[in-house]
Amino acid sequence: MAEIVIDNTILASVEDKAVVITGGAQGIGAATVTQLFHAGAHVFHGDLDVEKGTLLDETLKSSLRPLEQTNGYCSGHASGHGHGSVQFLKVDVRDYESQLALFDAALEKHGRVDMAIYCAGVGDRFGWFGPDALDLKSVREIPTPVANVVDINLTGTLYFVRLALAYLKHTSTTTTKNHHLDNPILSSPVPNGNSPSSSSLSKSITLVSSSAGFKGFPGLFAYSASKHGVLGLMRSLRPHSRSVFGVRINTICPTLTDTRMLNGLKAECERNNIHMNTAEEVARVIVQVATDQKEHGKAVYMAGGRALDVEEGIERLEGEWLGGEEWVEDLRRSQGVIGMAYGWGKKVDQVLSNGNK
Ligand SMILES: NC(=O)c1ccc[n+]([C@@H]2O[C@H](COP(=O)([O-])OP(=O)(O)OC[C@H]3O[C@@H](n4cnc5c(N)ncnc54)[C@H](O)[C@@H]3O)[C@@H](O)[C@H]2O)c1
């Protein structure tokens, strides 16, 4: 079992990092902004909810001594060891330029972006796939809310990752020449002594998917499809993001978490003895994975505050899962061929020898 264990010594390396985060106005995002700020990071968070985003900045600002406050940009020594700051911007993640402005704000102020965290998300809209509501009359209505879930949860993530790779790479020290293909699962040392430097390993992208991103949840159709997409994006990038861009990438997959998104389901969870997470527990794991230079290519399932990498089990049991080792090798070859076609790999053999999945 690949449990992620919280290590408070790693938290210290958050100090002075420039962090971009979406969905920071409330819930898991707000808890992440708060923890990063108190650990001494410079946090730029964007959200559609201006009222809550601004309120969070004011709350964090008021936690500082008066001398540590400046106009519009709040900075201080909230943790006693850090010099954190926080800045909210109105961002609609469906709008590429809106996200671009968030990255620009961090780059302009600090000359770099070190960590990028995508936390914005919305739940499914009720009724669009419901057996009672779906007939030849109702189906004529264009399901705009379904598309909206996908736009926010998945298209916004694709925009974000593209931007993050460019901004993180901008100040990464990893060479893009003669890049190798990482073993994506085991985070093994890079062959031929071509290891990314520790400064490049500190650059990271962390995406928030869901347990509905690797398991089906009846009722959550657009949501589950979009969150599976987030995991698919991470899986396709992980063989390369570290070696080509000098950027680690991980996905957090919480199950039911006590935020606004859970709506009226909290009592039902308690009645059914479900191990919910708190927003603070999920945030703590996000911060840990974003900071810990060992973490790359993981899909971290969280329940009851505990965190477990589900990719390790898939890798270990792949032969059994696919029905035999010959299927594993066949699949690997097709991954290599597709990679070559898109300029993401040189030889199928290279993919095979690196156990690249
Ligand atoms: N709460 C859960 O049970 C749970 C479980 C698994 C995964 N998640 C995921 O965790 C993440 C955070 O969710 P949460 O539970 O904190 O919910 P939340 O509703 O409290 O927070 C989501 C945030 O995203 C913002 N947002 C929504 N649309 C946006 C847009 N177009 N542009 C910018 N910001 C936008 C909201 O304003 C809000 O601040 C989401 O990606 C969600 O899918 C939540």
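Chemist: Honestly, the overall build of the protein in this entry has me stumped. Any pointers?
Modeler: In terms of regular secondary structure, the protein is built from 13 helices and nine strands. Looking at the protein as a whole, 45% of its 357 residues are labelled buried.

Chemist: Would you explain the site of the ligand in this entry?
Modeler: Close to the ligand lie 29 residues; Gly-23, Gly-27, Ile-28, Gly-121 and Thr-259 are nearest. Among the elements that line the shell around the ligand, the one with the most residues is helix α2 (residues 27–38), at three residues. Of the residues contributing to the shell around the ligand, the split by class is 15 nonpolar, nine polar and five charged.

Chemist: How do you make sense of the environment of Val-43 when you look at a structure like this?
Modeler: In this structure, Val-43 sits in strand β2 (residues 42–47). The exposure class assigned to Val-43 is buried, which follows from the 28 C-beta atoms found within 10 Å. With eleven residues separating them in the primary sequence, Val-43 and Thr-32 have C-alpha atoms 9.7 Å apart. The contacts of Val-43, once residues within four sequence positions are left out, are Val-19, Ile-21, Val-33, Leu-36, Phe-37 and Val-86.

Chemist: Any chance you could explain the nonpolar core here in plain terms?
Modeler: For soluble globular proteins, the rule of thumb is that nonpolar side chains tend to be buried together. Judged by nonpolar contacts, the single largest core of 74 residues is most densely connected at Val-19 and Val-300. Beyond its immediate sequence surroundings of up to four residues, Val-19 is in contact with Leu-36, Ala-41, His-42, Val-43, Phe-44, Asp-114, Met-115 and Ile-117.

Chemist: Before we go on, may I ask you to explain the pairing of strand β1 (residues 18–22) in this structure?
Modeler: Both faces of the sheet carry side chains from a regular strand, because those side chains alternate between them. Among the five residues that make up β1, five are buried, leaving the element largely enclosed by the rest of the structure. Inspection of the sheet shows β1 paired to β2 by five bridges, in the parallel sense. Considered in β2, the bridge of Val-20 is made with Phe-44. Considered for its hand, the β-α-β crossover made up of β1, α2 and β2 is right-handed. In the sheet, β1 pairs with strand β5 (residues 115–118) via four bridges, with the strands oriented parallel. Each residue of the ladder has a partner; that of Ile-21, found in β5, is Ile-117.

Chemist: Could you clarify how one ought to interpret unusual backbone geometry in this entry?
Modeler: In terms of backbone geometry, most residues other than glycine have negative phi values and most peptide bonds are trans. Positive phi, normally seen in glycine, also occurs at Asp-16, with a value near 75°. Mapped onto the secondary structure, Asp-16 falls in the loop between α1 (8–11) and β1. Not every positive phi belongs to a glycine, and Asn-273 is a case in point at roughly 60°. Tracing the sequence through the fold places Asn-273 in the loop between α8 (266–271) and α9 (279–291).

Chemist: Looking at this structure, I do not really get helix α3 (residues 50–62). What am I missing?
Modeler: Quick reminder: α-helices carry 3.6 residues per turn. Residues three or four places apart thus point the same way. Counted at 1.5 Å a residue, the expected span for α3 with its 13 residues is 18 Å, and the 18 Å between its end C-alpha atoms agrees. Restricting attention to buried positions, one finds in α3 the residues Gly-53, Leu-56, Asp-57, Leu-60 and Lys-61. Within α3, the buried residues cover an arc of 135° as seen down the axis, which keeps them to one side. Exposed residues pointing more than 90 degrees away from the buried face of α3 are listed as Glu-51 and Ser-62.

Chemist: Help me understand the packing of helix α5 (residues 144–170) against helix α7 (residues 221–245), please; the structure alone is not making it clear to me.
Modeler: Helix-helix packing is characterised by the crossing angle of the two axes and by the distance between the axes. Close contact between α5 and α7 brings their axes to 9 Å; oriented N to C, the two are set at 10°. By the angle between their axes, α5 is roughly parallel relative to α7. Contacts between α5 and α7 involve Val-146, Val-149, Val-150, Asn-153, Leu-154, Thr-157, Leu-158, Val-161, Leu-165, Leu-168 and Lys-169 on the former and, on the latter, Ala-222, Tyr-223, Ala-225, Ser-226, Lys-227, Gly-229, Val-230, Leu-233, Ser-241 and Phe-245. Of the residues belonging to the contact of α5 with α7, the class tally is 14 nonpolar, five polar and two charged.

Chemist: Whenever I open this one, the environment of Tyr-96 confuses me. Can you help?
Modeler: Looking at the element boundaries, Tyr-96 is found in helix α4 (residues 96–110). The exposure class assigned to Tyr-96 is partly exposed, which follows from the 16 C-beta atoms found within 10 Å. Distance in space between the C-alpha atoms of Tyr-96 and Gly-156 is 7.7 Å, their sequence separation being 60 residues.

Chemist: Even after reading the chapter, I still don't get the packing of α2 against α9, so can you show me in this structure?
Modeler: Running from N to C, α2 and α9 cross one another at 55°; their axes reach a closest spacing of 8 Å. Our classification of the angle between α2 and α9 gives oblique. Every pair of crossing elements has a handedness; the one defined by α2 and α9 is right-handed. Contact residues: Gly-27, Ile-28, Ala-31, Thr-32, Gln-35 and Leu-36 in α2; Ala-279, Glu-280, Val-282, Ala-283, Arg-284, Ile-286 and Val-287 in α9.

Chemist: Looking at this model, I keep getting lost on the pairing of strand β7 (residues 248–254). Mind explaining?
Modeler: β7 sits mainly inside the fold: seven of its seven residues count as buried. Burial of the side chains of β7 extends over both faces: Arg-248, Asn-250, Ile-252 and Pro-254 are buried on one face and Ile-249, Thr-251 and Cys-253 on the other. With five bridges joining them, strand β6 (residues 204–208) and β7 adopt parallel strand pairing. Opposite Thr-206, over in β7, you have Asn-250 as the bridge partner. The parallel pair β6 and β7, bridged by α7, forms a crossover whose chirality is right-handed. Here β7 pairs with strand β8 (residues 299–303) via four bridges, running parallel. Note that in β8 the partner of Cys-253 across the bridge is Tyr-301.

Quick notes on the rules
Residues numbered from 1 in each chain as written. Predicted model: local features only at pLDDT ≥ 70, side-chain atom pairs only at ≥ 80, totals over all residues. Helix = DSSP H or I, 4+ residues; strand = E, 2+ residues; numbered from the N terminus. Buried ≥ 20, exposed ≤ 12 C-beta atoms within 10 Å, placed from the backbone. Near = placed C-beta within 6 Å. Nonpolar A, V, L, I, M, F, W, Y, C, P; charged D, E, K, R; others polar. Contact = placed C-beta atoms within 7 Å. Core = buried A, V, L, I, M, F, W, Y, C linked by C-beta atoms within 7 Å. Pairing = 2+ DSSP bridges. Right-handed = clockwise from strand over helix to strand, strands pointing away. Expected span 1.5 Å × (residues − 1). Arc of directions from axis to C-beta. Axes fitted to C-alpha atoms, helices over the stretch in contact; angles between N-to-C directions. Parallel < 35°, antiparallel > 145°, perpendicular 65-115°, else oblique. Left-handed = near helix turned anticlockwise from the far one by under 90°.

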